[in-house]
Amino acid sequence: MQPESRSTALSGRIVISVDAMGGDRGPVAVIGGLAEAAAHNPDVDFILHGPEEELKRLLAKRPEVAARCTIRHAPGVVTMEDKPGQVMRHGEGTSMWSAIESVRNREATAAVSCGNTGALMALSVIRLRKLPGVNRPAIACLWPSRNPGGFNMMLDVGADIKADAPDLLQFALMGTSYARNGLGLARPRIGLLNVGTEEHKGRAELKAAHELIAGATELGQFDYVGFVEGGDLPSDRVDVIVTDGFTGNVALKTGEGTARLVGDFLRQAFNASLLSRFGAVLALGALKRLQARIDPRRVNGGVFLGLNGTVVKSHGSADATGVAAAIDLAFRLAKSGFQERLAARVASVAQARQDAAEGGTTIGTTE
């Protein structure tokens, strides 16, 4: 079966490009995740990139999904140690490069990879290019929260360590589009991460971004709650948290480390004595519900925003369940027309800012 480019969407089918190599667990976990995703998404087909003979052998064990896969032979692998610059110069022929090319050539609507984040972002920017009006792409991730849907979204979490005020406005717009199409929120609430909620706090670029985002709410169709603090990341006060990549990545890694620490402490506490083990048995149902709610595999998949194509980065250590979650996310975004809506949103606000500047004003201010 050969994919028919994005026109397959007209017949109700979505094509996802999957990098089978590069993850810590290898192609077995990737194909396992692909099979899980295919089982509950009957309208998705795949282009699978990697060494052809190895992938054929693995798919032969899963005939139910093999018929929905097209294999693209790509003998090279981008390792976690490879430098982004090295991959950009010598990465052609790798499974990661091939996966991005399928989106670039409009054979697939989205790409999914468990590989090296820096290399994947570099290749995505070079091969797909940025959307018109986007200065810096961003990586968006989901964060467990008290909101009814169970998650908040934060960006940027590591695409670029810097961001000035217009970049943060673009992040707010891109986050709005993702929240609407990926989380089903008609009018997301946006917050700007700062060291305090008072308007006089923060760096100059944060104060400038505060004004820009506040002035774009109606055109962008979101609500702005103002500055938020680190404690608001899992709260129900906000849906989308906007920050620069340095701060976002530190927050993300801190959250992941804290979650592991709490899990270790719980296991130690319940194994401390016979009585505590008995208590663990009594609490087993509640513990399983808690585990399911905070399971990092459910939120696996950072989305690269601001490019001419959708790219989802799965965690390098993801198992089949984690890979399936990343593919599910790519499928939902592709089916919603997310990429086209994101481009339109960024373009509309960029034009409005240009018109305002030509008229002698700036969005968010009045004369």
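### Overview of the environment of Leu206
- As for its placement among the helices and strands, Leu206 is situated in helix 8 (residues 204–215).
- Along the primary structure Leu206 and Asp244 are separated by 38 residues, whereas in three dimensions their C-alpha atoms are 9.9 Å apart.
- Not counting residues within four places of it along the chain, the set of residues in contact with Leu206 comprises Leu168, Leu192, Leu193, Asn194 and Phe227.

### So, helix 5 (residues 95–104)
- Among the 10 residues in helix 5, 9 count as buried, and that is most of the element.
- Along helix 5, the residues that are buried comprise Ser95, Met96, Trp97, Ser98, Ala99, Ile100, Glu101, Ser102 and Val103.
- Just beyond helix 5, the residue with positive phi is Arg106, at close to 65°.

### Quick notes on the pattern of salt bridges
- Applying the stated rule across the entire model yields 16 salt bridges.
- The salt bridge partner of Asp43 is Lys335, with a shortest N-O separation of 4.0 Å. Within this pair, whereas Asp43 is found in the loop between helix 1 (26–40) and strand 2 (44–50), its partner Lys335 is found in helix 13 (residues 320–336), the two being separated by 292 residues in sequence.
- For Lys335, a relative accessible area of 52% corresponds to the exposed category.
- The shortest N-O distance in the salt bridge between Glu218 and Arg187 comes to 2.9 Å. Taken together, the positions of Glu218 in helix 9 (residues 217–220) and Arg187 in the loop between helix 7 (165–182) and strand 7 (189–193) put the pair 31 residues apart, joining distant regions of the chain.
- What makes Arg187 partly exposed here is its relative accessible area of 32%.
- Taken together, the shared-partner salt bridges in this structure form one network comprising Arg13, Asp45 and Arg68.

About the criteria used
Residues numbered from 1 in each chain as written. Predicted model: local features only at pLDDT ≥ 70, side-chain atom pairs only at ≥ 80, totals over all residues. Heavy atoms only, no water. Helix = DSSP H or I, 4+ residues; strand = E, 2+ residues; numbered from the N terminus. Contact = heavy atoms within 4.5 Å. Buried < 20%, exposed > 50% of the residue type's maximum accessible area, 1.4 Å probe, protein only. Salt bridge = Lys/Arg side-chain N within 4 Å of Asp/Glu carboxyl O.

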